[in-house]
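# Chain and residue survey
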Amino acid sequence: MKYLFSFFLLFSLPAHAGVLVELGGTYLSDSLATSSSKTSSKYFYNLGVLFSFNKTVWGGWNFGGISHTDSDAVTTTFSSQDTGPYLKWQFGKNEIFSLSGAYNLLSRAAYSSGSTSENWEGTSIWLQFGVSPEVREGLNVGASLNYYLANYTKKTVSSVESSASNSKTWIFPMLTLTKRW
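First things first, this report covers the structure right here in the doc. Here the residue index of a chain counts from 1 through its sequence in written order. Totals for whole chains, interfaces and linings use every residue, but because this is a predicted model, local features are given only for residues with pLDDT of at least 70 and side-chain atom pairs only at 80 or more, for both listing and counting. Heavy atoms throughout the structure, all of them, feed into the side-chain values; hydrogens and water do not.

### Concerning the environment of G101
Counted only if it meets this: Runs of E in the DSSP output that reach at least two residues are strands. Runs of H or I that reach at least four are helices, and both are numbered from the N terminus. Contacts are residue-level and defined by heavy atoms, with any inter-residue pair within 4.5 Å sufficient.
Mapped onto the fold, G101 is located in strand 5 (residues 97–113). Spatially, the C-alpha atom of G101 lies 15 Å from that of F53, the residues being 48 residues apart in sequence. Setting aside residues up to four positions removed in sequence, G101 forms contacts with P85, Y86, L87, W126 and L127.

Given below as structure tokens:
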């Protein structure tokens, strides 16, 4: 609730302000067949709701998720849900290019490897460079190169909390869809 209140307090704008909704996602899958098979799947998604500060700068809130599963002799999984303030700058002819960044105040992850299962909590950042041409008025479709970094300072194992020093880094491509009003 306090995040929702902070969102409205920070980004209260006049009624005539523009609104931008952004959806993005990627899915990568890999399989290696040898004497011991290995598989890997990874995905990332985001939903951003932004309001216009001026013609090219947008600010709002981001909701994102990441999941990685690697299997060989042992299956290792990592999944996280993140949320925080989001800033986007569009530039170039027809604002086709963009630089974006989200500082996720809350990043909650679940990690498991074999019989080990942990919950982590911390913060994350997500940076994006995108190219999105307009396909219809107010509708852009494009791709981006992304950098994700999460740092976890708290972990919970079997209801016992302790401090942690875990992190996750990923560089990946993503497809994006944005709608402006």
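### Side note on the packing of aromatic side chains
Keep this limit in mind: Pairs were defined over the aromatic rings of Phe, Tyr and Trp, the Trp ring being its six-membered one, requiring ring centres within 6.5 Å. Orientation was assigned from the angle between planes: stacked under 30 degrees, edge-to-face over 60, tilted for the rest. Partly exposed residues are those whose accessible area sits between 20% and 50% of the maximum for their type, while under 20% is buried and over 50% is exposed, using a 1.4 Å probe and protein chains only.
Scanning the entire structure with this criterion turns up 13 aromatic pairs. Ring geometry for F44 versus Y148: centroids 6.1 Å apart, planes at 65°, classification edge-to-face. On the criterion of sequence distance, the pair formed by F44 in strand 2 (residues 38–52) and Y148 in strand 8 (residues 139–157) is long-range, its members being 104 residues apart. With respect to class, F44 is no different from Y148; both count as buried.

### Considerations on the side chain of S124
To keep things clear, this is the line we draw: Between N or O atoms, a polar contact is any pair within 3.5 Å; within protein, one atom must be a potential hydrogen donor and the other a potential acceptor, and residues adjacent in sequence are included only when both atoms are from side chains.
Relative to the assigned elements, S124 resides in strand 6 (residues 116–131). Take S124: its relative accessible area is 2%, and that puts it in the buried class. In terms of polar contacts, S124 uses its side chain to reach the side chain of D82, at 2.8 Å. Beyond its immediate chain neighbours, meaning those up to four positions away, S124 contacts D82, A102, Y103, N104, S107, Y148, L149 and A150.

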